[in-house]
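A structural walkthrough
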Amino acid sequence: MGSLTAVVIYAAAVYSGQTSVGIVPIAIGLSIAGVWGSYYGSDKLVLTMTGARIIDHDTAPQLFNLVQELTLAAGLPMPKVAIVEDDAPNAFATGRDPQHAVIAFTTGILKVMDRDQLQGVAAHELAHVANRDTLVSAVAATTAGAIALLSDLVLRITFWTGGNRRDNDNGGNPIAMIAAIVALILAPIAAMLLRAAVSRNREALADATAVAFTRNPAGLRRALEELAADNTVVQQKSNAVAHIWIESPLDSTTTSKLFSTHPPLAERIATLKAMEGMGPTNNE
Amino acid sequence: MPTLLIVLVLAALVGFFVVSIYNNLQKLNVNVHEGFSQIEVQLQRRADLIPNLVETVKGYAAHESATFEKVVQARAQATAAQGVQAVAEADGQLTQALRGLLMVSEAYPDLKASENFRALQEELSSTENKISFARQYYNDNVRRLNQAIVTFPSNLFVGMAKVTKADFYEVTDPGKRDAPNVSF
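Keep in mind that what you see is a predicted model, and the values were worked out from it rather than measured. (Residues numbered from 1 in each chain as written. Chains lettered and ligands numbered in written order. Predicted model: local features only at pLDDT ≥ 70, side-chain atom pairs only at ≥ 80, totals over all residues.)

The subject of this paragraph is the overall build of chain A. In terms of regular secondary structure, chain A is built from ten helices and four strands. Shown N-terminal to C-terminal, the secondary structure of chain A runs as helices and strands in the order α-α-α-β-α-β-β-β-α-α-α-α-α-α. The proportion of buried residues among the 284 residues of chain A is 41%. Counting contacts in chain A only where the partners sit at least 6 residues apart, residues at least 24 apart contribute 75% of the total. (Helix = DSSP H or I, 4+ residues; strand = E, 2+ residues; numbered from the N terminus. Buried ≥ 20, exposed ≤ 12 C-beta atoms within 10 Å, placed from the backbone. Contact = placed C-beta atoms within 7 Å.)

Here it is as structure tokens:
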């Protein structure tokens, strides 16, 4: 991502001369302010956006116990546990650090899954907390955002001021100019692709970490199979929070694989099946 | 002058290396102790649940006194145990006694239907899970510590860090380790 930012900055400099360099800190500053604000307050923000309601031991003892059991396996502090009123089975984790983590489940997932499956799902979400994935995706989003914003600003400014520049002949090499335009147009797309790739990578890692917690790949595997068989999707189709759910809430037929924030469920199930084949991983 | 600089840089590097190994050994040691205290917390939680459970079952199955006796005895032993191996053994005994108690309760439909008993059962089976996860966390950390103690280069700093190998939390009969079977 860093090199992509550098390419955009370079392209901007080539394309519009000295004037545009001043935009760089503005674009990066805007992007950082936006994403890091939402990163810092992610626990509260996401709860408001999804309408999740925090529960305690007395309101849902089984779910609460299940999460508490896993915190012992992970050696993490107890996160807040929340329930989202939604018939689609899904779950997510958020929060800037393990001390401010929230793990949420939809009412749908609590209805369709047994204890082993729920344990697998809770372990996957807790794995996101343990791997600091809110931070990772905030970094990815900041960079992707800065690149997109920067390219957009440069293209707009040169569109308005382009006229004068044609008169004075210091524009320089026309090939470099064309390359710069192409780079400015393609960079945001490349940034989006990278961001999605980072997210897919973290999902696969969370599956593996979850198995390290539970030592039971079958639970998570059966949970993912349940999700694959289910075709209801979470009501909120907002792209902004798509990456936080365990199963992508966006319809898989309309989103291409390259831009998808999650690896295909079939791939994840196959990986977990392979882990089951490795036999007991309990080395005690 | 350049030689002095090189010597200084090398010394700094070696210092950094030693500090990081020392800190790592201490960190592993702390993790092991924290892991064991987590096991003890959960064992204590289970011990606290037992009187309540025994009272509830007694209300429906007063004449099963032999089973109650076994549970109460195993509980007393478990609360008195000291040291990793003794605690692990007492834990195994108590788990087995509890399994007997829950098996007895199978024969009493009224008991099984009681709200109080079901809540206790959920708490008990969750605590069993917590014990086994705490044990897993503890044993993982013991393995890391013991590995660091015997492998190079960290083995050179064991005396300086004053850490010793820790015992694994093992229950000798694997059958004893099975949590009481509770269905939801």
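This part is about the overall build of chain B. Secondary structure assignment for chain B yields six helices and zero strands. What you see in chain B, going N to C, is helices and strands ordered as α-α-α-α-α-α. Radius of gyration (C-alpha) of chain B: 24 Å, far over the 16 Å computed for a compact globule of 184 residues. Expressed along its principal axes, the backbone C-alpha trace of chain B runs to roughly 90 × 25 × 20 Å. Counting contacts in chain B only where the partners sit at least 6 residues apart, residues at least 24 apart contribute 80% of the total. (Rg over C-alpha atoms; globule rule 2.2 N^0.38 Å.)

Residues and elements named next belong to chain A. The biggest cluster of nonpolar side chains holds 73 residues, and the ones touching the most others in it are L70, I103, A104, A122 and L126. What I103 contacts, discounting residues up to four positions off in sequence, is V67, P79, V81, A93, A122, E125 and L126. The next biggest cluster of nonpolar side chains, apart from the first, holds 15 residues, and it includes V35, A140, A144 and A191. (Core = buried A, V, L, I, M, F, W, Y, C linked by C-beta atoms within 7 Å.)

What follows deals with the domain arrangement of chain A. Residue and element names in this part refer to chain A. By the assigned domains, chain A splits into domain 1 (2-40 + 135-191) and domain 2 (57-129 + 197-277). Across the contact, five residues belong to domain 1 and five residues belong to domain 2. When residues of the side of domain 1 that touches domain 2 are traced back to their parent elements, those giving at least two are α2 (23-40) and α7 (133-167). With three residues, α7 is the largest single contributor of residues to the side of domain 1 that touches domain 2. (Domains from an automatic or database assignment.)

The pairing of strands in a sheet happens through backbone hydrogen bonds and is either parallel or antiparallel. Residues and elements named next belong to chain A. A sheet is described by the order of its strands in space; here four strands give the open sequence β1-β2-β4-β3, paired in mixed fashion. The strands lining the two open edges of the sheet, one partner per strand, are β1 (53-55) and β3 (91-94). Averaged over neighbouring strand pairs, the angle between their axes works out to 30° when direction is ignored. Judged from the four bridges that link them, β3 and strand β4 (residues 102-106) form a sheet pairing that is antiparallel. The partner of F92 across the bridge, within β4, is A104. Here helix α6 (residues 115-130) sits on the sheet in contact with β3 and β4, set at roughly 20° to β3. (Pairing = 2+ DSSP bridges. Axes fitted to C-alpha atoms, helices over the stretch in contact; angles between N-to-C directions.)

All names here are of chain A. With five of its five residues buried, β4 lies for the most part within the structure. Taken together, the five bridges between strand β2 (residues 80-84) and β4 define a ladder with parallel strand orientation. The residue of β4 that forms the bridge with K80 is V102.

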